[in-house]
Amino acid sequence: MFPQTTQVLVVGGGLVGLSMSAFLSWHGVDSLTVERRRGLSTHPRARGINPRTMELLRVLGLEERVLAAESARALAGNSGVIAAETLAGPEVGELRQEYFMFGSAPYAGLSPSSWCMCHQDELEPLLRGRAAELGGEIRLGVELTGFEQDSAGVRAVLRDASDGEEHVVHAEYLIAADGAGSPIRRSLGIPFDGAGTLGHFVNIQFEADLRAALGDRRFIMCYLTKAGVPCALLPVNNADRWMLHVMTGPDGAAGFTEERCRELVRAAAGLPELEVAIKGALPWESAGRVAERFGDGRVFLVGDAAHVMPPTGAFGSNTGIQDAHNLAWKLAAVLRGQAGAALLGTYDAERRPVAEATVTQAVLRSRERPRIGAGGPPPAADPAIVSDRTVVLGQAYDDGAWEDVPSGRVGTRAPHVALADGRSTIDLFRRGFTLLTGPDDTAYRRVAGTCAAGLGVPLACYVVEDPSVDKAGATLVRPDGFVAWRSGPDPVDPARELGEALAHALRRTLPSEADSGTAAALSVGPKDVPGSSADAIRQVGAALAESVHDATEVLADAAPRPETPRVRVVVYLREGADERGSVEAAYGRTRDHLEGVPGLYGDELLKAKAGLGRYLLVMDWANLKAFTTWEREHRRKGHPSALRPFQDRDRPNGHYEIYTLTASQTFPPF
């Protein structure tokens, strides 16, 4: 059955669209992703995943799966860009510019992750699978035929290729991940300008045993100077799977018959009798363009719909995936009522300047590459080119001044710090805000719980000893791992300073003094759950998983401190024939998010409650442990659960909330 409503509709199921689906689902946002193709990419195409993107996949729970992919394992030892007359012929050049930084060495100590060469045809299924695990719905063979938006949402018309039937879907927001030719961007009249077209190419995918000609070399790319046409070889597995990039005219793939492709491969290899199996030929355009704006009302552009760049540097898909990561947490915060709508405006303000600068760097690199095979000493690099490391890790949102080594200043990615338990600080930046305090701080740790309660948002707090965090101060980090605020010396009113920083980061106003100290209720939705709606069940499951994870993370990470706020998650489900299925779906999804939280007893509580169909209560640390033990023993003896539904006449069935309570407040009786 086709859903009639969704919180976010994503159009486009390539790398960026699938990443968008996974990030939204990870944040508990209900989404529908549609892709007009009937299947995912079967062509290797994009393959270089840089350390920053690997960090995002790490937090998403995908890093190990990506590293285990066939191409990632096969190409783990590859590095360098060379030039040769043919693959079997002599080498004539190598990219030796200082800005070129590939592999783990340039990023050692700066990131827990490194470069990974995983091809697109292997990465897309991994992203799709993770999105589905988290509750994202992805429909292939479905095309957007039209949409209209108003202040309340977006009405989209979708056509299912399997039967030609059209469906109307109402969404709160629409994401255009529909590629460089983006029909959505065109329909909005958003200009797409820049350096323009830089060249036309055909990517030939083929199989041929080139191990003898390759020898012990393990390069990323090899430019060929005597193959008859400008071209480059790219290994897929260093053995019998390869790609050949061939420069063409504007007519693209015209004339690239299977026999012509076979001839080009043999010329590039320098082996006239080589047995070659052609698997496909894909035309593509190298260009540099950026959309004039990345949003229009309730519609946002990501990936190639927002920017295109030549593949030199492997910045394109990485920039797009990072677009999705930036936008996903903001949509989640606005949809949950935690942030003001103005937060969504920061997506364009932050990501478009990054895209413009990154496109410039990719274009400059593309103009340098033909000089590799010219012979003689390497020419001086264009002074406008900054290092790969700067582009990958040094983005700055506040002032646009990129930095080569992350410093932890406001607007930049919070630096990687290796923790005593083997984790990285990167692993701490998840669905909510994170407060990093220095070892000598007492002021900010003491008020963190109250500040979070005042705004009704989760806030995890950690002590970190590193130059990027002042010894007696604090650093506030957003869910996307970027620094939102750093304390100054000698705080006068730590509670107000931190509260204002949180409020500003969420584009909200700080609650008045009259409101401070009261329980902050945050409606997360859905507000009404029809018992027979599978779509509503999925929404409850996604939102419950999100809320319980945030609540338990706060408890698990901050429990030993007496000022830790107690967190209560109450879930109401409409009674009816489908009630049990709703609860089981919600609990099943929640258990996935509870894995890996050290010392958490919530999983036993979930198992004990799996058939009751009322609500889940997560208490403060000591009570949670004691109650779980008691409840399990109580039910083992055949007694009914001690839990009773919390009655609130102002809240309809199907509504649930997170309450953050101060130490002076108590839970309602069971």
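Residues numbered from 1 in each chain as written. Predicted model: local features only at pLDDT ≥ 70, side-chain atom pairs only at ≥ 80, totals over all residues. Heavy atoms only, no water.

**Q** Help me understand the overall build of the protein, please; the structure alone is not making it clear to me.
**A** For the protein, the count of helices and strands is 17 helices and 25 strands. For the protein, the share of sequence-separated contacts (at least 6 apart) that also reach a separation of at least 24 residues comes to 72%. If you sum the accessible surface of the protein, you get close to 26,600 Å²; carbon and sulfur atoms cover 51% of it. (Helix = DSSP H or I, 4+ residues; strand = E, 2+ residues; numbered from the N terminus. Contact = heavy atoms within 4.5 Å. Areas by Shrake-Rupley, 256 points an atom, 1.4 Å probe, with all protein chains shown as cover.)

**Q** It is not clear to me how the nonpolar core should be interpreted in this structure. Could you clarify?
**A** The nonpolar side chains of soluble globular proteins are, as a tendency, buried together. With 114 residues, the main nonpolar core has M20, L331, L435 and L498 as its most contacted residues. If one sorts the elements of this core by residue count, helix α9 (residues 316–335) sits on top with ten residues. Residues within four places of M20 in sequence aside, it is in contact with V10, I175, V302, A324, L327, A328 and L331. (Core = buried A, V, L, I, M, F, W, Y, C linked by side-chain atoms within 4.5 Å. Buried < 20%, exposed > 50% of the residue type's maximum accessible area, 1.4 Å probe, protein only.)

**Q** I'm lost on the packing of helix α12 (residues 443–455) against helix α13 (residues 494–505) in this one. Help?
**A** Following both chains from N to C, one finds α12 and α13 inclined at 45°, their axes separated by 9 Å at the closest point. One finds that α12 runs oblique with respect to α13. Two packed elements cross with a definite hand, and for α12 against α13 that hand is right-handed. On α13, the residues that touch A443, Y444, V447, A448, C451, A452 and L455 of α12 are P494, A495, E497, L498, G499, L502 and A503. The residue inventory of the contact of α12 with α13, partitioned by class, reads twelve nonpolar, one polar and one charged. (Axes fitted to C-alpha atoms, helices over the stretch in contact; angles between N-to-C directions. Parallel < 35°, antiparallel > 145°, perpendicular 65-115°, else oblique. Left-handed = near helix turned anticlockwise from the far one by under 90°. Nonpolar A, V, L, I, M, F, W, Y, C, P; charged D, E, K, R; others polar.)

**Q** Help me out: how do you make sense of the state of the cysteines in this one?
**A** Here a disulfide denotes one covalent bond, and it connects the sulfur atoms of two cysteines. In total, this model carries zero disulfides according to the counting rule given. For the unlinked cysteine C116, the closest cysteine sulfur is that of C118, found at 5.4 Å. (Disulfide = S-S within 2.5 Å.)

**Q** Would you mind going over the sheet that holds strand β20 (residues 459–463) with me for this structure?
**A** Two modes of strand pairing occur in sheets, parallel and antiparallel, and in both the strands are linked by backbone hydrogen bonds. Taking strand neighbours across the sheet as the criterion, the four strands line up as β20-β19-β21-β22 in an open arrangement whose pairing is mixed. In the strand order of this sheet, the two ends are held by β20 and β22 (483–486), each with one partner. Shown here is a sheet whose adjacent strand axes are inclined to one another by a mean of 20°, direction ignored. Where strand β21 (residues 474–477) meets β22, three bridges bridge the pair, whose relative direction is antiparallel. Counted as the bridge partner of T475 is R486 from β22. Those strands touched by α13 are β19 (433–437), β20, β21 and β22, and its axis lies near 160° from that of β22. (Pairing = 2+ DSSP bridges.)

**Q** Explain the pattern of salt bridges to me, please; I cannot follow it from the model alone.
**A** Side chains that differ in sign of charge can pair as their charged atoms come close. By the definition in use, this model includes 34 salt bridges. Notably, a salt bridge pairs E166 with R159, separated by 3.4 Å at the nearest N-O pair. The class of E166 is partly exposed, set by a relative accessible area of 44%. R423 is paired through a salt bridge with D421; the nearest N and O atoms lie 2.9 Å apart. Look at the salt bridges and you will find they share partners, linking K330, E350, R478 and D480 into a network. (Salt bridge = Lys/Arg side-chain N within 4 Å of Asp/Glu carboxyl O.)

**Q** Before we go on, may I ask you to explain the pairing of strand β10 (residues 166–176) in this structure?
**A** Across a regular strand the side chains alternate sides, sitting on one face of the sheet and then on the other. Taken together, the six bridges between strand β1 (residues 5–11) and β10 define a ladder with parallel strand orientation. If you follow L9 over to β10, its bridge partner there is L174. The pairing of strand β9 (residues 153–160) with β10 spans six bridges and is classified as antiparallel. Across the sheet, the residue bridging to V154 is A171, located in β10. Taking the residues between adjacent antiparallel strands as the criterion, β9 and β10 are bridged by five residues, where G164 takes a positive phi near 75°. With three bridges connecting them, β10 and strand β17 (residues 299–301) associate as parallel partners. Across the sheet, the residue bridging to A176 is L301, located in β17.

**Q** Help me understand the packing of helix α2 (residues 51–60) against α9 in this model?
**A** In helix packing, the relevant descriptors are the interaxial angle and the interaxial distance, both defined with respect to the helix axes. Running from amino to carboxyl end, α2 crosses α9 at an angle of 40°, the nearest separation of the two axes being 9 Å. The angle between the axes of α2 and α9 places the two elements in the oblique class. The chirality of how α2 crosses α9 is left-handed. In this structure, α2 contributes R52, T53 and L56 to the contact, and α9 contributes N318, I321, Q322 and H325.

**Q** Got a minute to help me understand α13 in this structure?
**A** Since the α-helix turns once every 3.6 residues, residues separated by three or four places project in the same direction. For α13, which comprises twelve residues, the first-to-last C-alpha distance of 16 Å matches the rise-based estimate of 16 Å (1.5 Å per residue) to within 8%. Among the residues of α13, those classed as buried are P494, L498, G499, A501, L502, A503 and A505. Those residues of α13 that are buried are in contact with α9, β19, α12, β20, β21 and β22. Backbone geometry just downstream of α13 places R507 in the positive-phi region, at approximately 55°. (Expected span 1.5 Å × (residues − 1).)

**Q** In this structure, what is going on with the pairing of strand β13 (residues 231–235)? I would like to understand it.
**A** With five of five residues buried, β13 is to be regarded as a mostly interior element. Alternating residues of β13 divide into C231, L233 and P235 and A232 and L234, and every residue in both groups is buried. Bridge analysis of strand β12 (residues 221–224) against β13 gives three bridges, and the strand direction is antiparallel. The residue bridging L224 from the neighbouring strand is C231, located in β13. In sequence, β12 turns back onto β13 through a hairpin of six residues, with G228 there showing a positive phi of about 95°.

**Q** Can you help me understand the sheet that holds strand β15 (residues 277–291) in this one?
**A** Read across the open sheet, the eight strands follow the order β5-β4-β12-β13-β14-β11-β15-β18; overall the sheet is mixed. Edge strands, defined here as strands with exactly one partner in the open sheet, are β5 (91–94) and β18 (307–308).

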